[in-house]
Amino acid sequence: MPSLSAKIDGKKFMWDKFMYASETEAKEKMAVYEKEGFEAACLTEEGEYLVYTRKVITEITLE
Amino acid sequence: MKGSVLVVGAGPAGMRASSELVNQGFKVFLVEEKPTIGGKMAQIDKMFPSNECSSCTIMPRMLEIANNPNINIIAFAEVESITGEPGDFKVKVLKKPRYVDPMRCNACTDCFPVCPVGGVPMEYNLGRGASKAISFYSPFPPRKALIHPDKCNYLLSGECGDQEQPPCVQACERRAIDFSQKPVTGELHVGAVIIATGSDELHTDRLAEYGCGKMPNVLTALEYERLLSGLGPTGGVVKRDDGTAAQTVAWYVMDSASPIGFMTAVTEAMGTIEKNSNASVWVLHENTNISRETYSDFIQKAQEANVEIVLADAVAPTEGTEGNINISYQAAGRENELAGVNMFVLVPPLAPSKSAQKLAQNIGVQLNPWGFFDKQSGDSHPIHTSREGIFVCGSALEPKGIDDAAIQACAAASHAAALLSKVRGTAMAPPPEKQSLPITSEDEPSIAALICKCGPNIGGLLDINALAEYTASLPHVNQVELAPFGCDGVKIREMLRGKEFNRVLVGGCSPKTHEEVFAMHTEGGGINRYLMEIVNLRNHCTWVHSTDPKEATEKAKTLMRMGARRVALQEPLEDIHIPVSPAALVIGGTPSGVACALKLAQADLQVYLVEKESDLNVVKANQSSFVSRLIEALAKLENARVFTGAELGAVQGFMGNFNAEIVTSAGKEEVDIGSIVIATDLNMAAPSDNGDYEAQLFLQRSTNNFFVGMLGNLNPLDFNTAGVFKCGPARMEMGVLDAIMDGEGAASRVAGIISKTEMVKSPIISVVVDEKCDGCAYCIEPCPAHAVALIEYMQHDGTKKKTVEVNDAVCLGCGNCMATCPKDAVYIQNFKPEQIMEMVHSVSEEA
């Protein structure tokens, strides 16, 4: 099981919990996430492609 | 040119200058005329205006200095001469004999009880209390015994006791007693010199006129400090000459020209009430001018605590009955009297230290008519002396509070650093190679335990042998040793040498003061420094249960049991290394901002100065010839870039790695900087259309619009946001010369960060368990370092989740996030919930 989080360029990214079979498939998904305002990054592990995202929330509402 | 600096005087200013210099890459020789360091700050009980415990505050600094391989403390020594020129001075230092070899003495105190000569008045306590002819000078470093040559039988007559050797020699297993010692002169080569010889109470006939030395229970402020101090001759209980407690105490401030005496009296009066709420206290003074707001606030608090402040003149004490004093005075044109006061404390003016005149003659620098260090005529820079390359700071210049002394020490360090910038780092000892044994979390714990007697502090109360026997019976504890003062590292290294231990358990004093010292010794013994645990037997046991040795010993056993459980679960960790952007940003072209930028640039460091006016000379406070010269000098330095007509845009990042947008009419420019200085005046409000750096850097202003900084007298230039500093008009109202020193002081703080290629910080920081964190964000607000951020992320099915991110570079490891998290989703390294629960269970199991 890949790590749920990864440090990329000193920033914490979180895995979307899916293993993509190809780089193209992963990049397509990254584009979807980026459209939603997330930073996205792709890592490879044992031939599979993993997509990680993050977006800093500055407006915090405590529940 | 030499990359080392001589600092003369190891009080708060000298120690601060030393640590600033080492932090910037310069080796320091710290010469102190007394046998121990700390100066007056170590002798007093509390400091104004913060009311912090003075010895608690300075002790960690002393240990840091005493254990720094690049600070060579030469105590009990005097500077005989300085020849040469700036960058290359030769210094002759006379070392006085202790008659004890400091390299051999391990402070075991075995020689004290066998010495037949007692009743020696303790100089450190100003004659109060008594010691043997061999004793410690003070409780502070370097903690080595000292023989008083004018009291020692052997030194006076060549004989002591009925044996061939004197009793102290026989008692000393380490053969440290050396009656053959003579004064020795050595030579040092340094590039610059900083004088920080402090001040002394001015003892003149006026003291006797007010009864000091003539009437019982009339004493000086410094003598009274020793009675208030928990480390003083009465253990912090204010006792009169006959041993009875004082209920009524009056102070008379003899010098109204400086606020220092008045503030000293108010602090002592407040300390008296804190120790005895039934005490009545009065401070008599003659119209002392207190303009500083922090001082006024402190005085108000003291008055609210029932310190009565009386504007009085014609103060005249007379001897009363039963050791009391009757004090008559005039107030508001009327005759008044305080009848039957138990103690009368005189606060004399402060004068240059007694050694200043001799030092000035020895090294060829001038003194002013009052005996303080002076400068060449025409030179108005406060920290210059009459000799180039020799700087002065602290109370050697004039009486001042500890916060001001700290700033001047930083400023003096920045002058020395600018002078020696080309040889920065050349004299520093390389860091010791770490040779840690390959220990993993999976290895079966094998604990070496050391119980430190801390002299009488622990060993004098606890049944130390019973505690050692009990500790040896604890799981995984394979050896237990006792040490008189474990912090010297001798015993701990002996234990670890060649043995297969993988954990260290220390029963000793507070980790607040000694964790770094014991971690260093643990590392020296080949074990990862984070596999060591200190059990605070002193503060948590012997000090608070001093009247019940039996119960204190039982509690000590419980604490050792808890410590053993915790350390068994400790994991080896590595320090965090963070690269640093080697440049600084100074905001505000005020005299402070200009002085700060200039000192950084002169120290060969890159600096960006941002000013919203179109020209630095337009800034109103800069319109003095002194500041004009600084502006001209700054303009000539290529590594200083001045942005006028500029504002700041977005500022982000953390210590060592900030990024800022500078906005001018030509557009935006981004700069990477390691540190930021705020030197703005009150009119320079931060929010603009381009950004709000105050909010982005989490800076706060007080109700009077000055910036609020870190608490504590020793950090007047620091913000709580690490890597950001304030100076001059951003801090408080001040004159141009003080503002320049503030800026130069801030330059030293900044240079301590950006002169290095990387920062090294503790890995005791928080770790997020992502599987458990649901991004509730409860941990964000309580974080004092603003190290926690909320992040959102995507799941493949299109749902969004949240978690938190911890900035390792700024996390303090305080544990607030861990305490706040409702999901157990965050913990501090080596403070895992299972470790804490093990400790808790170990208490209840025994119960």
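Residues numbered from 1 in each chain as written. Chains lettered and ligands numbered in written order. Predicted model: local features only at pLDDT ≥ 70, side-chain atom pairs only at ≥ 80, totals over all residues.

Undergrad: I would appreciate a short explanation of the overall build of chain A in the present structure.
TA: The helix and strand inventory of chain A stands at one helix and four strands. Listed N to C, the secondary structure of chain A is β-β-α-β-β in terms of helices and strands. With the C-alpha coordinates aligned to their principal axes, the bounding extent of chain A is approximately 40 × 25 × 25 Å. Counting the 63 residues in chain A, one finds 30% classified as buried. (Helix = DSSP H or I, 4+ residues; strand = E, 2+ residues; numbered from the N terminus. Buried ≥ 20, exposed ≤ 12 C-beta atoms within 10 Å, placed from the backbone.)

Undergrad: Quick question: what am I supposed to make of the overall build of chain B here?
TA: The number of helices and strands found in chain B is 24 helices and 42 strands. By the compact-globule yardstick of 29 Å for 847 residues, chain B fits well, its C-alpha radius of gyration being 28 Å. Structurally, chain B occupies a C-alpha span of about 85 × 75 × 55 Å along its principal axes. (Rg over C-alpha atoms; globule rule 2.2 N^0.38 Å.)

Undergrad: I keep staring at unusual backbone geometry and nothing clicks. Help me out?
TA: Leave glycine aside and you will find that most residues have negative phi; peptide bonds, for their part, are mostly trans. Residues and elements named next belong to chain B. With an omega of -5 degrees, the peptide bond between Phe-48 and Pro-49 qualifies as cis. The topology assignment puts Pro-49 in the loop between helix H2 (39–43) and helix H3 (54–66). Residues other than glycine seldom take positive phi values, yet Phe-698 does so here, at roughly 60 degrees. Note on placement: Phe-698 falls in the loop between helix H21 (693–696) and strand S35 (700–701).

Undergrad: What's the story with the nonpolar core in this structure? I'm lost.
TA: The nonpolar side chains of soluble globular proteins are, as a tendency, buried together. All names here are of chain B. Ile-194, Cys-393, Ala-416 and Val-677 are the most contacted members of the largest nonpolar core, which has 216 residues in total. Counting residues per element, this core draws most heavily on helix H12 (residues 402–419), which supplies 13 residues. If sequence neighbours within four positions are ignored, Ala-416 has contacts with Val-5, Leu-21, Phe-26, Ala-192, Ile-194 and Phe-391. Cys-105, Val-480, Val-504 and Ile-534 belong to the second-largest nonpolar core, a separate cluster that totals 65 residues. (Core = buried A, V, L, I, M, F, W, Y, C linked by C-beta atoms within 7 Å. Contact = placed C-beta atoms within 7 Å.)

Undergrad: Explain the interface of chain B and chain A to me, please; I cannot follow it from the model alone.
TA: Between chain B and chain A, the residue contacts involve 17 residues of the former and 18 residues of the latter. Ranked by residues supplied to the side of chain B that touches chain A, first place goes to strand S40 (residues 788–794) of chain B with six residues. Split by residue class, the side of chain B that touches chain A holds nine nonpolar, three polar and five charged. Summarising the sheet, strand S4 (residues 48–57) of chain A and S40 of chain B pair through three bridges and their orientation is antiparallel. Bridge pairing links Ile-57 of chain A to Leu-790 of chain B in S40 of chain B. (Nonpolar A, V, L, I, M, F, W, Y, C, P; charged D, E, K, R; others polar. Pairing = 2+ DSSP bridges.)

Undergrad: What am I meant to see in the environment of Gly-213 of chain B here?
TA: Residue and element names in this part refer to chain B. Its location among the elements puts Gly-213 in the loop between helix H7 (205–209) and strand S13 (218–220). Classification of Gly-213 by C-beta neighbours within 10 Å gives exposed; the count is 11. Taking C-alpha positions, Gly-213 is 37 Å from Asn-539, a pair spaced 326 residues apart along the chain.

Undergrad: I keep staring at the sheet that holds strand S28 (residues 583–587) of chain B and nothing clicks. Help me out?
TA: Whether parallel or antiparallel, the strands of a sheet pair through hydrogen bonds between backbone atoms. Residue and element names in this part refer to chain B. With respect to topology, five strands assemble into an open sheet ordered S30-S29-S28-S34-S37, the strand pairing being parallel. Whereas interior strands pair on both sides, the edge strands pair on one side only; in this sheet they are strand S30 (640–644) and strand S37 (724–726). Along the sheet, successive strands turn relative to each other by an average axial angle of 15 degrees, direction set aside. Relative to S30, strand S29 (residues 606–611) runs parallel, the two sharing five bridges. By the bridge assignment, Leu-609 is partnered in S30 with Val-642. (Axes fitted to C-alpha atoms, helices over the stretch in contact; angles between N-to-C directions.)

Undergrad: Any chance you could explain the environment of Met-215 of chain B here in plain terms?
TA: All names here are of chain B. Mapping Met-215 onto the fold places it in the loop between H7 and S13. Taking the number of C-beta atoms within 10 Å as the measure of exposure, Met-215 has 19 and is therefore partly exposed. A C-alpha to C-alpha distance of 6.4 Å links Met-215 and Glu-319, two positions 104 residues apart in sequence. Not counting residues within four places of it along the chain, the set of residues in contact with Met-215 comprises Pro-317, Glu-319 and Ile-325.

Undergrad: I tried to follow the sheet that holds strand S11 (residues 192–195) of chain B on my own but got confused; where do I start?
TA: Residue and element names in this part refer to chain B. In space, the five strands of this open sheet follow the order S3-S2-S1-S11-S22, with parallel pairing throughout. Strands at the two margins of the open sheet, each flanked by one partner only, are strand S3 (71–75) and strand S22 (390–392). Strand after strand, the sheet turns through a mean of 20 degrees between neighbouring axes, direction not considered. Bridge count between strand S1 (residues 4–8) and S11: four bridges; the pairing is parallel. Note that in S11 the partner of Val-7 across the bridge is Ile-194. Its contacts with the sheet put H12 on S1, S11 and S22, and the angle it makes with S11 is roughly 170 degrees.

Undergrad: What exactly am I supposed to notice about the environment of Glu-32 of chain B here?
TA: All names here are of chain B. By the element assignment, Glu-32 lies in strand S2 (residues 27–32). Judged by the 25 C-beta atoms lying within 10 Å of it, Glu-32 falls in the buried class. Along the sequence, Glu-32 and Ile-74 sit 42 residues apart, while their C-alpha atoms lie 6.3 Å from each other. When sequence neighbours within four positions are dropped, the list of residues in contact with Glu-32 reads Gly-9, Ala-10, Ile-37, Ile-73, Ala-75 and Ala-77.

Undergrad: Would you mind showing me how to read the domain arrangement of chain B here?
TA: Interface extent is often summarised as the accessible area lost during association of the parts. Once the domains are mapped, chain B shows domain 1 (4–96 + 183–199 + 352–423), domain 2 (111–171), domain 3 (203–348), domain 4 (447–568), domain 5 (581–758) and domain 6 (766–828). Averaged C-alpha coordinates put domain 2 of chain B and domain 6 of chain B at centres separated by 58 Å. (Domains from an automatic or database assignment.)

Undergrad: Would you explain the confidence of the model for chain B in this entry?
TA: Low pLDDT marks regions whose predicted coordinates should not be analysed in detail. Here chain B averages 93 in pLDDT, while 99% of its residues score no lower than 70. Here the prediction assigns the complex a pTM of 0.89, and the interface score ipTM is 0.98. (pLDDT = per-residue confidence, 0-100.)

Undergrad: Is there a simple way to think about the pairing of strand S2 (residues 11–20) of chain A in this case?
TA: In the case of a regular strand, side chains alternate between the two sheet surfaces. Residue and element names in this part refer to chain A. Here strand S1 (residues 5–8) runs beside S2; their pairing, made up of four bridges, is antiparallel. Bridging from a neighbouring strand, Ile-8 pairs with Lys-11 of S2. Two successive antiparallel strands, S1 and S2, enclose a turn made up of two residues, where Asp-9 displays a positive phi of approximately 50 degrees.

Undergrad: Would you take a moment to explain helix H9 (residues 259–275) of chain B for this structure?
TA: Here H9 of chain B contains 17 residues, and its C-alpha end-to-end distance of 24 Å stays within 8% of the 24 Å for a straight helix at 1.5 Å per residue. Buried residues dominate H9 of chain B, accounting for 14 of its 17 residues. (Expected span 1.5 Å × (residues − 1).)

Undergrad: Whenever I open this one, the packing of helix H19 (residues 591–602) of chain B against helix H20 (residues 625–635) of chain B confuses me. Can you help?
TA: Residues and elements named next belong to chain B. Relative orientation of the contacting elements H19 and H20 amounts to 40 degrees, with a least axis distance of 9 Å. By the criterion of interaxial angle, the relationship of H19 to H20 is oblique. Relative to H20, H19 is oriented so that their crossing is left-handed. Facing Pro-591, Val-594, Ala-595, Ala-597, Leu-598 and Ala-601 of H19, the residues of H20 in contact are Val-627, Leu-630, Ile-631, Ala-633 and Leu-634. Residue classes in the contact of H19 with H20 are distributed as 11 nonpolar, no polar and no charged. (Parallel < 35°, antiparallel > 145°, perpendicular 65-115°, else oblique. Left-handed = near helix turned anticlockwise from the far one by under 90°.)

Undergrad: Whenever I open this one, helix H16 (residues 511–524) of chain B confuses me. Can you help?
TA: Given 3.6 residues to a turn, an α-helix orients residues that are three or four positions apart in the same direction. All names here are of chain B. A rise of 1.5 Å per residue sets the reference length of H16, with its 14 residues, at 20 Å; its end C-alpha atoms lie 18 Å apart and thus fit the reference within 8%. Buried within H16 are the following residues: Thr-513, His-514, Glu-515, Val-517, Phe-518, Ala-519, His-521, Thr-522 and Glu-523. Tucked inside the fold, the buried residues of H16 contact H3, helix H15 (490–496), strand S25 (503–508) and strand S26 (532–536).

Undergrad: Looking at this structure, I do not really get the packing of helix H8 (residues 221–228) of chain B against H9 of chain B. What am I missing?
TA: Angle between the axes and distance between the axes are the two parameters that describe a pair of packed helices. All names here are of chain B. One way to put it is that H8 packs onto H9 with a least axis distance of 11 Å and a crossing angle of 25 degrees. Accordingly, the angle class assigned to the pair H8 and H9 is roughly parallel. You can see that H8 and H9 cross each other, and the crossing is left-handed. When H8 is examined against H9, the residues Ala-221, Tyr-224, Glu-225 and Leu-228 are found in contact with a partner set consisting of Thr-264, Ala-265, Glu-268 and Gly-271. Of the residues belonging to the contact of H8 with H9, the class tally is four nonpolar, two polar and two charged.

Undergrad: Would you mind showing me how to read the pairing of strand S4 (residues 77–85) of chain B here?
TA: All names here are of chain B. In the sheet, S4 pairs with strand S5 (residues 88–95) via eight bridges, with the strands oriented antiparallel. Within S5, the residue paired with Thr-83 across the bridge is Lys-90. Counted between consecutive antiparallel strands, the loop separating S4 from S5 contains two residues, among which Gly-87 sits at a positive phi close to 95 degrees.

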